[in-house]
Amino acid sequence: QVQLVESGGGLLQAGGSLRLSCAASGSIFSINAMGWYRQAPGKQRELVARISSSGSTIYADSVKGRFTISRDNAKNTVYLQMNGLKLEDTAVYYCNAIMVVTTTPALSRNYWGKGTLVTVSS
């Protein structure tokens, strides 16, 4: 069974730092793009950061300069380093990955983790 498991969420004060991790496991042929999304109370789920298989990145305007996404292909893991956390960063953070699950025929599917909660207090 293919799955994504997030870790690293927690409770901290504004201005602090946190590092999230997400590891993919199972019968995976290859992993294409990986990313982090978040959903705050009363808001829609939004893209936070995304990284391609070659290392190209994109960020939401709200986190540019504060968050950094990276990946370790050998470990099938993606990370999100979050610095200078603000109250508005409070949300459930979800890991996402586009993975090739079959080759006959070739088929890529979107996978989601169950989420990890980040709570920023004043």
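As shown above, the structure is provided for reference.
Below or above, wherever it landed, is the structure these notes cover.

**Looking at the packing of aromatic side chains**
Okay, so step 1: As enumerated under the stated definition, the model contains one aromatic pair in all.
Okay, so step 2: Centre to centre, the rings of Tyr37 and Trp112 are 5.0 Å apart; their planes meet at 65°, and the pair counts as edge-to-face. Pair noted here: Tyr37 is in strand β4 (residues 30-39) and Trp112 is in strand β10 (residues 106-112), with a separation of 75 residues, a long-range link.
Okay, so step 3: Taking the relative accessible area as the measure of exposure, Trp112 reaches 36% and is therefore partly exposed.
Okay, so step 4: A cation sits over an aromatic face here: Arg45 above Tyr94, 3.8 Å from the ring centre.
Okay, so step 5: Above the plane of the ring of Trp112 lies Arg45, whose end atom (NZ or CZ) is 4.8 Å from the centre.

**A short note on the nonpolar core**
Across soluble globular proteins, nonpolar side chains have a tendency to be buried as a group.
Okay, so step 1: If you look at the biggest cluster of nonpolar residues, it comprises 32 residues, and the most contacted ones within it are Trp36, Leu80, Met82, Tyr93 and Met99.
Okay, so step 2: Elements represented by at least two residues in this core include exactly β3 (18-25), β4, β5 (46-51), β7 (67-72), β8 (77-82), β9 (91-103) and β11 (116-121).
Okay, so step 3: Sorting elements by how many residues they give to this core places β9 first, with six residues.
Okay, so step 4: Residues in contact with Met99, not counting those within four places in the same chain, are Val2, Leu4, Ala24, Ile28, Ser30, Ile31, Leu107, Ser108, Arg109 and Tyr111.

Criteria and thresholds
- Residues numbered from 1 in each chain as written.
- Predicted model: local features only at pLDDT ≥ 70, side-chain atom pairs only at ≥ 80, totals over all residues.
- Heavy atoms only, no water.
- Phe/Tyr/Trp six-rings, centres within 6.5 Å; stacked < 30°, edge-to-face > 60°.
- Helix = DSSP H or I, 4+ residues; strand = E, 2+ residues; numbered from the N terminus.
- Buried < 20%, exposed > 50% of the residue type's maximum accessible area, 1.4 Å probe, protein only.
- Lys NZ or Arg CZ within 6 Å of the ring centre and 35° of its normal.
- Core = buried A, V, L, I, M, F, W, Y, C linked by side-chain atoms within 4.5 Å.
- Contact = heavy atoms within 4.5 Å.

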